[in-house]
Amino acid sequence: MNLTKKPELLDHLAAAYALGTLRGGARRRFEQLAREYAQVRAAALLWQGRWSAFSEVQAPVPPDAAVWTRIENLLQTETAAVKLAQQRGTAAQNLPVRMLAWWRGLALAASFATVAAVTVGLWSHQAVTGSAQQQVAVLQAELQSAEAALQKAPHIQYVAVLADGKADASVLVTFDPQNKQLLLQRVSGFQEADNQSLQLWALPQQGRPRSLGVIGQGKLEQLTAQEADVQSVPALAISLEPKGGVPSATGPTGPVLFTGALIRRDL
């Protein structure tokens, strides 16, 4: 199946893959397609970035004190029951028959203690239930906040996965025309020397390459661009240049390290 011809199915599979719910043979087939098609790799990387946004807005919620109270009560009840069973077994083996009545009385008293502990546990459970409802309300509010943040997220219309000569993904490039922003994320271990710079180029169908800017050395970098700069560009490239890059008019002077098709779609 060629997922690149079914963008809606590709989007759903990429979301499930990034979330971890795509398992078994389906996950392995998706990974095989990702190795073959840049568009599949781009969809997976984008959804990984989207899901990771939830961890930034989700605040940790410590367990309620009533939870620990209930756990302690249950542990004490289990310990008392084990000790009682051991004592009853020893008494039945070593003591005369006339002492069994005394042990039965002790067992009855321990049973009452167990019932009391369970009653306290049930009371704590009610408290935990009320606290859990409050926590659910907090989580729902945080989820609404996360959804609002996602709605304000960049509207990505252009995606490119730039790979080296071995077809290994090296840089993920996305363009948000609403904010006029190119976002470049390094996904490989390549790092240029201190006296060198990576420079991003647009490769039009006709004419010379046009520089889109010099890329910083960070894992995630931003460049400002207009939609007209990439609207009719079928591919992008990154070259290795002297520190600070070279003028756009000269074109790349160093080796071109990474290239990839620029794909337009609404994600």
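Quick notes on the rules
Residues numbered from 1 in each chain as written. Predicted model: local features only at pLDDT ≥ 70, side-chain atom pairs only at ≥ 80, totals over all residues. Heavy atoms only, no water. Pairing = 2+ DSSP bridges. Helix = DSSP H or I, 4+ residues; strand = E, 2+ residues; numbered from the N terminus. Axes fitted to C-alpha atoms, helices over the stretch in contact; angles between N-to-C directions. Buried < 20%, exposed > 50% of the residue type's maximum accessible area, 1.4 Å probe, protein only. Polar contact = N/O pair within 3.5 Å; in protein donor to acceptor, adjacent residues only side chain to side chain. Contact = heavy atoms within 4.5 Å. Parallel < 35°, antiparallel > 145°, perpendicular 65-115°, else oblique. Left-handed = near helix turned anticlockwise from the far one by under 90°.

**Looking at the sheet that holds strand 2 (residues 169-176)**
Strand pairing in a sheet is mediated by backbone hydrogen bonds. Such pairs are either parallel or antiparallel.
Now for step 1: Read across the open sheet, the eight strands follow the order 5-4-7-8-1-2-3-6; overall the sheet is antiparallel. Edge positions in the open sheet fall to strand 5 (210-215) and strand 6 (220-224), since each of these has one partner strand only. Across the sheet, the mean angle from the axis of one strand to that of its neighbour is 25 degrees, orientation sign disregarded.
Now for step 2: The pairing of strand 3 (residues 181-186) with strand 6 spans five bridges and is classified as antiparallel. If you follow Gln181 over to strand 6, its bridge partner there is Thr224.

**Brief notes about the side chain of Ser239**
Now for step 1: Structurally, Ser239 is set in strand 7 (residues 235-242).
Now for step 2: The class for Ser239 is buried, based on a relative accessible area of 0%.
Now for step 3: Of note is the side chain of Ser239, whose polar atom sits 2.8 Å from the side chain of Trp201.
Now for step 4: Once residues lying within four places of it in the same chain are set aside, the contact partners of Ser239 are Ser197, Leu198, Gln199, Trp201, Pro252, Gly254, Pro255, Val256 and Leu257.

**Things to note about the pairing of strand 4 (residues 196-203)**
On a regular strand, each side chain points to the face opposite its neighbour's, so the side chains alternate between the two faces of the sheet.
Now for step 1: Along strand 4, six of the eight residues are buried, which leaves the element largely enclosed by surrounding structure.
Now for step 2: Pairing between strand 4 and strand 7: eight bridges, direction antiparallel. Following the sheet pairing, Leu203 is matched in strand 7 by Ala235.
Now for step 3: Taking the residues that link successive antiparallel strands as the turn, the strand 4-strand 5 hairpin has six residues, and the phi of Gly207 there is positive, at about 95 degrees.

**Here we look at unusual backbone geometry**
Note: most residues except glycine have negative phi, and most peptide bonds are trans.
Now for step 1: The phi angle at Lys180 is positive, at roughly 55 degrees, despite the residue not being glycine.
Now for step 2: Within the fold, Lys180 resides in the loop between strand 2 and strand 3.
Now for step 3: A residue is classified by how much of its surface remains accessible, and Lys180, at 37% relative accessible area, is partly exposed.

**With respect to the environment of Glu31**
Now for step 1: Relative to the helices and strands, Glu31 is located in helix 2 (residues 24-36).
Now for step 2: Residue classification places Glu31 among the partly exposed residues on the basis of a relative accessible area of 27%.
Now for step 3: For the pair formed by Glu31 and Arg41, sequence separation is 10 residues and the distance between their alpha carbons is 8.5 Å.

**Observations concerning the packing of helix 1 (residues 7-19) against helix 2**
Now for step 1: One can describe the packing of helix 1 onto helix 2 by two numbers: an axis separation of 11 Å at closest approach and a directional angle of 115 degrees. Classed by the angle they form, the pair helix 1 and helix 2 counts as roughly perpendicular. Crossing of helix 1 against helix 2: the hand is left-handed. Across the interface between the two elements, Leu10, Leu13, Ala14 and Tyr17 from helix 1 touch Arg27, Phe30 and Glu31 from helix 2.

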